[in-house]
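Survey of secondary and tertiary structure
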Amino acid sequence: MYEKLFYMLNANASNNPSVAKQLQGLSFDEIVAIVENHKQLLSKSEQIIAQRDQVIAQKDNALFDAKALNEKLVFELSYLNRKRYGKQSESLGGSVQAQLFEAARIEDIAAVEAEIERLFPAISVPSHVRRVAKREQLPGHLPRVDIHHEVEASVCGHELKRIGESVTEILNYVPGTFTVDRHIRGKWACAHCKTLVQAPVPAQVIDKGLPSASLMAHAMVSKYHDHLPVYRLEQIYARSGYAVPQSTLSGWLGNGGAQLMPLVEAFKEIILKCQVLHADETPVSMLSPGKGKTHRSYIWAYAPGQFEEMKGVIFDFCESRSGEHNRKFLGSWRGSLVTDDYAGYKQLYENGVIEVGCMAHARRKFFDLFENNKSPMAKQALEFIQELYEVEREVKNLSTEERLAIRQRKSKPIAELMHRWLIAHRLEIPDKSVSARAMDYSIKRWDALVRYIDDAQLPIDNNLIENTIRPIAIGRSNWLFAGSLRAGKRAAAIMSLIQSAKMNGHDPYLYLKDILERLPTQKNHLIHELLPHLWQPKQP
C-alpha cells in the first residue's frame, strides 16, 4: 500500500512543483513516517471534534433544562404574585395571645366537667369536696321577663295555697339586647296532706347555668361561623349592656360543645351510610401542651355525594395529615370517595374504597398555566374541560337514568378525544416543564377523573366539599388556633352542625337555639329529630 502511495506522491509532485520541492530528497520510509504522522493528527482532530459535539449536546440539554426551569420559576412567581393580595393573618400582641391561651384552657376544663357529668350522672360528690361555682348576680339595669311555672293540683287532689315562690334568673340574649328571664316557680302547700309542691326547674343544656339557649347559640355562631375570638365577643356583649368575661364565655362554649357531641356522633353514623362521599382536609394550628406555641394540625371534612339524598358535613379535627385519620373515621365504609390526589387517601383505595377524581383540580392546573404563561396547550385543555362542565350543567337536575344516558352520549366522546390529545402532546413536552406537570396530573389519574361518566351517582368534581371547608380558612385567621385536641374536636363538632344547618337551608342561630332548648329533654330514640337534615322548628 505504501509503495502505491509513494508512486502517487511522485506523480502528484511532477504536476505540482511545490509538492515536488517538499518531497525532494525524502526516502520512501520518511514519506511513510510523514503519512503516519498526518493520520495521527487527523485522528486527534476527529476526537476533538467528537468531544466538542458532545459538549455542545450537553450544553443544548442544559439549555433545554434551564428553559424548562425558567418556565417553572416564572409560573410560580406569577402564581405567588396573584395570591399575594389575599388577606393576611392578623398579628396579636403577647397579652392578647396569653388571653387566648387561657380562654382555651378554661374551655377545655368546662368541657371535661360536662362530659364527666354526662357519663357518670349517678356519682354523688360530697359537698365539702365538690367545687361549687358562685353564681353571679345579674345586674339590675337589665330588663326582666317573668316566666311563671305553677303546679295544677296537689298530690291528694285538695285545694292548694300559695305560700311563696322560687326565682331563677337566666341571662338571655336576642342579638343586640340582653334581658333576664325570671323563671318564677310558685310554692304551693296543701293543708290536708301537709305537702309542699312546686313546678320543676326548666331543663337547660348547662345544668343550673346562667346562659339561655339563645345566648349559647349566639356565642357559638359568633365564634364558629362569624369567626370572632372570645375577647372580641366580650367587647360586643359589653356594648349590649353586660360584659361577659372571656373565662365565662369559654366555659359556656366548652360545656355546650361537649353536650352537642352525641348529636354529631349520631349524624356521622347516618352520613357513613351514603355510598358516595366527598373528602378534603385543611390545616389549622393547635396549641402544644406546656409550650405556649402552636403546631400544624388538620381538620378533615366528609360530606355525602352531590347526588345523595341527604345534605350535611362532618368535620374531624386531627393532630396531623396522616392517612390513618381518614381510615379511622371511615372504618369499614366501602363506597366511592371523591378526593384530590393527596397520597393520604391511597391506602383506602387499596383496601376497597373506589377512587373518584376531581376534574376541578385538573382544570386548575391548566388554568394556572394559561393565566400565567398564556399557553395555547393549556387553553385547548380548558376548552375540553369546559365542554364536560357544560354537560354537567345540563344534567344537574335530571334523574339518575337521564343523567347517565346524556353523559354517555355527550361526555364520553369529549373525554376520549381529550385523552388522545393529552397523550399525543405530552410526547412533545419536556419532562421538567410546568406544562408536563399539568398534563401528567390528568394522564396519571385519568380513570379516576372520568369514572363519573359511567356512574350517574358520582359528581364530576370535589367542589362541594371545598366550598364547605372554605369558611375554616377564614376562621383559622381569626380564632387563630385550637387550644388542645379536645378543643379542636369540639370546635369541629359545632362547625359540623352549623355548616350542615346552612346546607339544609336553616338559619344556624335559630337551629342551634332550638336544639339547645330541646336537647336536655329529648329522648334518645328521638335524637335524630334534631339532626340538621331532619330538623323542623317547633310550632308556636
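Quick caveat, the model's predicted, so the values are computed rather than measured. (Residues numbered from 1 in each chain as written. Predicted model: local features only at pLDDT ≥ 70, side-chain atom pairs only at ≥ 80, totals over all residues. Heavy atoms only, no water.)

The interhelical angle for the contact between helix 5 (residues 213–224) and helix 6 (residues 230–239), taken along N-to-C directions, is 130°, at an axis separation of 10 Å. The angle between the axes of helix 5 and helix 6 places the two elements in the oblique class. Relative to helix 6, the crossing made by helix 5 is right-handed. Of the residues in helix 6, those touching helix 5 at Leu215, His218, Ala219, Ser222 and Lys223 are Val230, Leu233 and Tyr237. Its residues assigned to classes, the contact of helix 5 with helix 6 shows five nonpolar, two polar and one charged. (Axes fitted to C-alpha atoms, helices over the stretch in contact; angles between N-to-C directions. Helix = DSSP H or I, 4+ residues; strand = E, 2+ residues; numbered from the N terminus. Parallel < 35°, antiparallel > 145°, perpendicular 65-115°, else oblique. Left-handed = near helix turned anticlockwise from the far one by under 90°. Contact = heavy atoms within 4.5 Å. Nonpolar A, V, L, I, M, F, W, Y, C, P; charged D, E, K, R; others polar.)

Attention now goes to helix 16 (residues 485–503). Given a rise of 1.5 Å per residue, 19 residues ought to cover 27 Å, and the 26 Å separating the end C-alpha atoms of helix 16 matches this to within 8%. Positive phi appears at glycine 505, one or two residues downstream of helix 16, with a value of about 80°. (Expected span 1.5 Å × (residues − 1).)

Take the side chain of glutamate 355 next. Counting through the fold element by element, glutamate 355 comes out in strand 9 (residues 354–356). Of the polar contacts made by the side chain of glutamate 355, one reaches the side chain of arginine 445; its length is 2.5 Å. Residues in contact with glutamate 355, not counting those within four places in the same chain, are Leu337, Lys346, Tyr349, Arg445, Ala448 and Arg451. (Polar contact = N/O pair within 3.5 Å; in protein donor to acceptor, adjacent residues only side chain to side chain.)

Further remarks concern helix 13 (residues 434–444). Most of helix 13 is tucked away: eight of the 11 residues are buried. Turning to helix 13, its buried residues number three or more, namely Val434, Ser435, Ala436, Ala438, Met439, Asp440, Tyr441 and Ser442. (Buried < 20%, exposed > 50% of the residue type's maximum accessible area, 1.4 Å probe, protein only.)

Strand order in this open sheet of five strands is 7-6-5-8-9, and the pairing throughout is mixed. Lying at the two open borders of the sheet, with one neighbouring strand each, are strand 7 (314–318) and strand 9. Adjacent strand axes in the sheet meet at a mean angle of 30°, parallel and antiparallel pairs treated alike. Set on the sheet, helix 7 (residues 246–271) makes contact with strand 5 (276–287), strand 6 (294–304) and strand 7; between it and strand 7 the angle comes to about 110°. Taken strand by strand, helix 16 contacts strand 5, strand 6 and strand 7, and its axis lies near 170° from that of strand 7. (Pairing = 2+ DSSP bridges.)

So, about the confidence of the model for the chain. When the pLDDT values of the chain are averaged, the result is 82; 78% of them are 70 or greater. Overall, residues 86–101 carries pLDDT values under 50, and its contacts beyond four positions in sequence, including any with other chains, amount to 23 contacts. (pLDDT = per-residue confidence, 0-100.)

Note on aromatic pairs: each is described by the distance of the centres and the angle between the planes. Using the criterion set out here, one finds eight aromatic pairs in the structure. When the centroid spacing of 6.4 Å and the interplanar angle of 50° are considered together, the rings of tryptophan 300 and tyrosine 342 count as tilted. Highlighted residues: tryptophan 300 in strand 6 and tyrosine 342 in the loop between strand 8 (336–338) and helix 9 (346–350), separated in sequence by 42 residues. Tryptophan 300 sits in the buried class, given a relative accessible area of 0%. By way of ring pairs, the aromatic residues Phe178, Tyr237 and Tyr242 are connected into one cluster. Between the NZ or CZ atom of lysine 374 and the centre of the ring of phenylalanine 370, over which it lies, the distance is 5.3 Å. Above the plane of the ring of phenylalanine 307 lies arginine 403, whose end atom (NZ or CZ) is 3.8 Å from the centre. (Phe/Tyr/Trp six-rings, centres within 6.5 Å; stacked < 30°, edge-to-face > 60°. Lys NZ or Arg CZ within 6 Å of the ring centre and 35° of its normal.)

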